[in-house]
Amino acid sequence: GTVLSSMVNDRFVTIESMPFVVCRTLLIHGENDTLIPHTHSDDLQAASGCHPRLCHVFKFEDMTHNEFDVERHIVAPICQVFP
């Protein structure tokens, strides 16, 4: 990670909780996220306790941690996974 990320402790270590997630899950990540690597979503999906067909990862090349299009990057995936 970055220098900043090495100085901040995780408040909630999601990877440790993922084996207990057994419901439909949506992970959205920007490939240009400089705060949290987009591969973190892949790690969370792999650690998930739910069936692989129920854990959905959406990655967007033109999305960062804080810069995204709400309709395209957030609403559209939600509507696709939770119709």
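Source: prediction; values computed, not measured.

The rules we used
Residues numbered from 1 in each chain as written. Predicted model: local features only at pLDDT ≥ 70, side-chain atom pairs only at ≥ 80, totals over all residues. Heavy atoms only, no water. Buried < 20%, exposed > 50% of the residue type's maximum accessible area, 1.4 Å probe, protein only. Helix = DSSP H or I, 4+ residues; strand = E, 2+ residues; numbered from the N terminus. Pairing = 2+ DSSP bridges. Contact = heavy atoms within 4.5 Å. Disulfide = S-S within 2.5 Å.

### Structural notes on the pairing of strand S1 (residues 25–30)
In regular strands, side chains alternate between the two faces of the sheet.
Move 1: With five of six residues buried, S1 lies mostly within the body of the structure.
Move 2: In the sheet, S1 pairs with strand S2 (residues 55–60) via six bridges, with the strands oriented parallel. Across the sheet, residue Gly30 finds its bridge partner in S2, namely Phe60.

### Focus: the side chain of Ser48
Move 1: Secondary-structure assignment places Ser48 in the loop between helix H3 (39–47) and S2.
Move 2: Those residues in contact with Ser48 that sit more than four places away from it in its chain are Met18, Pro19, Val21 and Cys55.

### Some details on the state of the cysteines
Move 1: Summed over all chains, the structure comprises zero disulfides.
Move 2: Residue Cys23 stays outside any disulfide, its sulfur separated by 6.9 Å from that of Cys50, the closest cysteine.
Move 3: Cys50 provides the cysteine sulfur closest to Cys55, a residue in no disulfide bond, and the two sulfurs are 4.4 Å apart.
Move 4: On the basis of relative accessibility, which here comes to 3%, the residue Cys55 falls in the buried class.

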